[in-house]
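An overview of the molecular structure
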Amino acid sequence: AMARRAMKWLVLNRQGSQWKSTKDSAHAIMALAAWMRVSGEGRNPTTVEISWEPSGGKARVLKTLTVTPENFWNIDGKIVLEGDGVELGDDGKARVTVRAKGPGTLFY
């Protein structure tokens, strides 16, 4: 139970796309990779659906991904929203929703 909480802490305590230093980043990545190997993270297929909903508007699915053990390390989950292609509600807001379907664990 303590290892799971420690891994969650590591993930949540990044500073942007890294940890405090290059050395800290390397140690964190090694710990997370070891945890994934021991805990079985990434072994179960999961479908991930990412949607965009302007406030007061209709939601639209931006991307659907199926994550499997075979494509786990190579999945392209990148979505770019920019310029006039970003539809906002009358209040200037929108909601991004990430849903996982299946037995796997989703980190985003």
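Treat the numbers as computed from the prediction; the structure is a model and nothing was measured. (Residues numbered from 1 in each chain as written. Predicted model: local features only at pLDDT ≥ 70, side-chain atom pairs only at ≥ 80, totals over all residues. Heavy atoms only, no water.)

**Digging into the sheet that holds strand 2 (residues 60-67)**
In spatial order, the strands read 2-1-3; together these three strands make up an open sheet with antiparallel pairing. Only two strands of the sheet have a single neighbouring strand rather than two, namely strand 2 and strand 3 (94-101). Sheet twist, expressed as the mean angle between neighbouring strand axes with direction ignored, is 15°. In this structure, strand 1 (residues 46-54) lies alongside strand 3, joined through eight bridges in antiparallel fashion. Each bridged residue has a counterpart across the sheet, and for E53 the counterpart in strand 3 is R95. (Pairing = 2+ DSSP bridges. Helix = DSSP H or I, 4+ residues; strand = E, 2+ residues; numbered from the N terminus. Axes fitted to C-alpha atoms, helices over the stretch in contact; angles between N-to-C directions.)

**Observations concerning the packing of aromatic side chains**
The full count for this structure, using the stated rule, is one aromatic pair. Measuring from ring centre to ring centre gives 4.9 Å for F72 and W73, while their planes differ by 85°; the resulting arrangement is edge-to-face. By relative accessible area, F72 is classed as partly exposed at 24%. Classification of W73 as exposed rests on a relative accessible area of 66%. (Phe/Tyr/Trp six-rings, centres within 6.5 Å; stacked < 30°, edge-to-face > 60°. Buried < 20%, exposed > 50% of the residue type's maximum accessible area, 1.4 Å probe, protein only.)

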